[in-house]
Amino acid sequence: MTLVSTTTRPRRRVPEALRSPLTVVGVVVAAGWLLVVVLGPLLQPADPLAQSPDRLAPLSAAHWFGTDSLGRDVLSRVIAGARISIPLSLLLVALSASVGSLLGAVAGLLGGVVDEVVMRLADLVLAFPTIILAMVVAAALGPSLTNAVIAMLVVTWPQYARVTRSLVLGARDREFVVAGRLLGIGWFTSLRRDVVPNVAGPVFALTTLDFGNAILLLSGLSFLGLGTVPPTPEWGLMVSDGVQNFTAWWVAAFPGLAICSIVLAFNFIGDALRDALDPRMQKAVGSRAL
Amino acid sequence: MAGELVFDEVTVRYGRPGRPTVTAVDRASFRVRPGEVVGLVGESGCGKSTLAKLACGLVPAAGGRATFDGTPITPYGLRKRPAQLLRLQMVFQNPYASLNPRRRVAAQLQDARAIHPATAPSVDDLLRSVGLDPALRTRYPHQFSGGQRQRIAIARAMATGPDLLIGDEPIASLDASLQAQVATLMRDVALASDTSLLFISHDLSVVRLIADRVVVMQAGRVVEEGPTEQVWSAPQEAYTQRLLAAIPLADGLGTIPDVAPA
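Every value quoted in this text rests on a predicted model; they were computed, and no experiment measured them.

Let us look at the overall build of chain B. A tally of regular secondary structure across chain B gives eight helices and 10 strands. What you see for chain B is a C-alpha radius of gyration of 18 Å, in line with the 18 Å of a compact globule of 262 residues. Projected onto its principal axes, the C-alpha positions of chain B cover 50 × 50 × 40 Å. A separation of at least 24 residues holds for 64% of the contacts in chain B among residues at least 6 apart in sequence. Counting every atom, chain B has about 11,200 Å² of accessible surface; 52% of that belongs to carbon and sulfur. Here chain B contributes 28 positive and 25 negative side-chain charges, whose respective centroids are spaced 10 Å apart.

All names here are of chain A. With their axes 7 Å apart at the nearest point, helix α9 (residues 187-223) and helix α10 (residues 235-243) run at an angle of 60° to one another. By the angle between their directions, the pair α9 and α10 is classed as oblique. The two elements α9 and α10 cross, and the hand of that crossing is right-handed. For the pair formed by α9 and α10, the contact residues are Ile-215, Ser-219, Ser-222 and Phe-223 on the first element and Trp-235, Gly-236, Leu-237 and Ser-240 on the second. Residue composition of the contact of α9 with α10, grouped by class: four nonpolar, four polar and no charged.

Before going further, it helps to examine helix α4 (residues 146-159) of chain B. The end-to-end C-alpha distance of α4(B), which contains 14 residues, comes to 20 Å, matching closely the 20 Å that a straight helix rising 1.5 Å per residue would cover. Of the residues one or two after α4(B), Gly161(B) is the one with positive phi, at around 65°.

So, on to the nonpolar core. Residues Trp33(A), Val78(A), Ala82(A), Ile86(A), Met152(A), Trp235(A) and Ile262(A) are the most contacted members of the largest nonpolar core, which totals 51 residues. For this core, the elements supplying multiple residues, two or more each, are α3 (21-43), α4 (74-110), α5 (112-126), α6 (130-141), α7 (145-172), α9, α10 and α11 (249-277) of chain A. Counting residues per element, this core draws most heavily on α4(A), at 12 residues. Contacts of Trp33(A), omitting those with residues within four sequence positions, involve Val78(A), Ala82(A), Ile86(A), Trp235(A), Ala258(A), Ser261(A) and Ile262(A). Within the second largest apolar cluster, 47 residues are counted, among which are Met158(B), Leu174(B), Val182(B) and Leu185(B).

A separate point is the packing of aromatic side chains. Tallied over the full model, the rule gives six aromatic pairs over all chains. For the ring pair Trp33(A) and Trp235(A), a centre distance of 5.1 Å and an interplane angle of 65° mean the geometry is edge-to-face. Placement of the pair is Trp33(A) in helix α3 and Trp235(A) in helix α10, with a sequence separation of 202 residues. Neither residue differs from the other here; Trp33(A) and Trp235(A) are each classed as buried. Consider the rings of Phe7(B) and Phe30(B), whose centres lie 5.1 Å apart with planes at 50°: the pair is tilted. In this pair, Phe7(B) is assigned in strand β1 (residues 5-16) and Phe30(B) in strand β2 (residues 19-32), connecting sequence segments 23 residues apart.

Summed over the entire model, instances satisfying the criterion amount to 19 salt bridges over all chains. Close ionic contact of Arg27(B) with Asp26(B) constitutes a salt bridge, the shortest N to O distance being 3.2 Å. Classification of Arg27(B) by relative accessible area gives partly exposed; the value is 47%. Among the ionic pairs, Asp124(B) bridges to Arg137(B), the shortest N-O distance being 2.8 Å. Taken together, the positions of Asp124(B) in helix α3 (residues 123-129) and Arg137(B) in the loop between α3 and α4 put the pair 13 residues apart, joining distant regions of the chain. Bridged by salt links that share partners, the residues Glu116(A), Arg120(A), Asp123(A) and Arg162(A) form one connected network.

Looking now at the sheet that holds strand β5 (residues 71-72) of chain B. Residue and element names in this part refer to chain B. Taken together, four strands build an open sheet; the order of strands is β2-β1-β4-β5 and the sheet is antiparallel. The open sheet is flanked by β2 and β5, the only strands paired with a single partner. The pairing of strand β4 (residues 63-68) with β5 spans two bridges and is classified as antiparallel. When the bridges of β5 are listed, Thr-67 appears paired with Pro-72. In the packing of helix α1 (residues 48-55) onto the sheet, the strands contacted are β1, β2 and β4, and the crossing angle to β1 comes to about 110°.

Below, the discussion takes up the side chain of Asp163(B). Residues and elements named next belong to chain B. Residue position: Asp-163 is located in the loop between α4 and β7 (164-168). On the accessibility criterion, Asp-163 (15% relative accessible area) is buried. Beyond its immediate chain neighbours, meaning those up to four positions away, Asp-163 contacts Ala-2, Gly-3, Phe-68, Asp-69, Arg-87, Asp-194, Thr-195 and Ser-196.

Time to look at unusual backbone geometry. Residues and elements named next belong to chain B. A positive phi angle is found at Arg-27, which is not glycine, with a value near 45°. A positive phi is found at Glu-169, a non-glycine position, where the angle reads about 50°. Tracing the chain through its elements places Glu-169 in the loop between β7 and α5 (176-192). Note on Glu-169: relative accessible area 7%, which makes it buried.

Our next topic: the confidence of the model for chain A. Residue and element names in this part refer to chain A. Looking at chain A as a whole, the pLDDT averages 80, with 89% of positions reaching at least 70. For chain A, per-element mean pLDDT is lowest for helix α1 (residues 2-6), which scores 44, and highest for α5, which scores 91. Within the model, pLDDT remains below 50 along residues 1-12, and this stretch shows 18 contacts once partners closer than five positions in the same chain are excluded. Of the regions scoring below 50 in pLDDT, residues 283-290 engages in nine contacts with residues more than four places distant in sequence or in other chains.

Listed as interface residues are 26 residues of chain A and, on the opposing side, 32 residues of chain B. The contact between chain A and chain B buries some 2,700 Å² in all, and 57% of this surface belongs to carbon and sulfur atoms. Taken as a group, Glu175(A), Leu182(A) and Leu183(A) account for 27% of the area that chain A buries against chain B, more than any other trio of residues on that side. One can count one salt bridge joining chain A with chain B.

All names here are of chain A. Side chains of Leu-34, Leu-35, Val-38, Leu-39, Leu-42 and Leu-43 sit close together on the surface and give an oily, nonpolar patch of about 610 Å² of accessible area. Along the polypeptide, Val-38 turns up in helix α3. According to the relative accessible area criterion, Val-38 is exposed, its value standing at 56%.

Calculation rules
- Residues numbered from 1 in each chain as written.
- Chains lettered and ligands numbered in written order.
- Predicted model: local features only at pLDDT ≥ 70, side-chain atom pairs only at ≥ 80, totals over all residues.
- Heavy atoms only, no water.
- Helix = DSSP H or I, 4+ residues; strand = E, 2+ residues; numbered from the N terminus.
- Rg over C-alpha atoms; globule rule 2.2 N^0.38 Å.
- Contact = heavy atoms within 4.5 Å.
- Areas by Shrake-Rupley, 256 points an atom, 1.4 Å probe, with all protein chains shown as cover.
- Lys, Arg positive; Asp, Glu negative; His and termini not counted.
- Charge placed at Lys NZ, Arg CZ, Asp CG, Glu CD.
- Axes fitted to C-alpha atoms, helices over the stretch in contact; angles between N-to-C directions.
- Parallel < 35°, antiparallel > 145°, perpendicular 65-115°, else oblique.
- Left-handed = near helix turned anticlockwise from the far one by under 90°.
- Nonpolar A, V, L, I, M, F, W, Y, C, P; charged D, E, K, R; others polar.
- Expected span 1.5 Å × (residues − 1).
- Core = buried A, V, L, I, M, F, W, Y, C linked by side-chain atoms within 4.5 Å.
- Buried < 20%, exposed > 50% of the residue type's maximum accessible area, 1.4 Å probe, protein only.
- Phe/Tyr/Trp six-rings, centres within 6.5 Å; stacked < 30°, edge-to-face > 60°.
- Salt bridge = Lys/Arg side-chain N within 4 Å of Asp/Glu carboxyl O.
- Pairing = 2+ DSSP bridges.
- pLDDT = per-residue confidence, 0-100.
- Buried area = accessible area lost by both parts, 1.4 Å probe.
- Patch = residues over 30% accessible without salt bridge, like charges linked within 9 Å, V, L, I, M, F, W, Y side chains within 5 Å.

So, in structure tokens, the structure goes:
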């Protein structure tokens, strides 16, 4: 009976879509990490940069996650790393998704020369292995965190541009877009009102998937000395460090788990949001009652 | 009274890379007079929809001239459609594709009302005029049936205060039991607000029901034109005679109509 009443008010069903177990797990994990990012220094049992003679010590009451090759507390470093890796990756994904989708949408809508220029630039970037091109750009600009973000932006926008362009091309000639233009609106209003809302879902899903790539790319650049620099407790750097000490599994495992958990959490949330933002997905719930 | 659409010897060609161009409309001339309901009939591919697209500025004319109340119609491309031409609106063939799936019905009707906000009927009145309950205004298009969506599309077109409404096969994707109903509705709402109607269809029996005048097209050309009953009772062209003979008759005897050869 409740289903019948909600069919007239679709807005009510958004929380329903967000109520699946995986989504709850995702939200809880992401909220936990957000808390870690905010409270960071208060949660660290030790100084993440303080070295000690107690090298590669296994898990113990004093060091819950053990210590790394310089005797630093891994738990403290994982907590400190959250404040670097998470905001930076979010920033990067937000930037490349905005720049990439805007360029892709404009290319798809305007076509012609604009389309050619934007897409050939994208091809140019995609022709190189991501990490190598990012290295080249970062090296040319000089090693710093800002330059690392710029370098990553340069290599990540084309995938958004390509996906958005193809979606816009598909949506551009659909009848409701044409019908909108017949009402006398300009192309930008048409893009905003009719095209973007109908292509945003897949792009949104891509950003959540890309979040993991962003963390890995950042780690890769850091590993090569072009992003964050040791002894900064960045997760990627910590994993690279741990790989060299194979027997002390905890050095790489805990930052690795941290990356894994936040990436999964974002994927779960992304899936749920994509479904919740699409009114047609609600039909699957409502149609049973109809 | 306004709402006169004139096609004067218009030609439309589609260019295809690596293949010869197709002449979809070949020096076609006819007019829709103010307040008139004109049925445009012909088999698939004869150029009916291309004429509708031309009238809406979606395709360019390779020759001749199309005007709406004296304003020449040219493709608007990426610009906004000229204000004088906004009084010409279209109802599309596919009701499942002609409404934005992500916006509520009321919002989409509001977009159309925005052209003449002072004189446009309210959203509730628009829904009532096409036989829908105003309480449905907050729903999304997917919550409606095909026939209901086509009613909403008609309401959206009427919300702009049009002088001419073009229906491009507006009933072709509807259930047979709804076709006559929606076609009649379209005629009624158009006439109620002094709007001319150009009704494009390959369904001659429905056109006969609603049109004052009929224009018959074949292979891009206008082959016959005249008052509906006259065309029906005394078709002059051989092609029109074949078209009329091809209307299926439900006599229960399994009679298959003669198919008009292309």
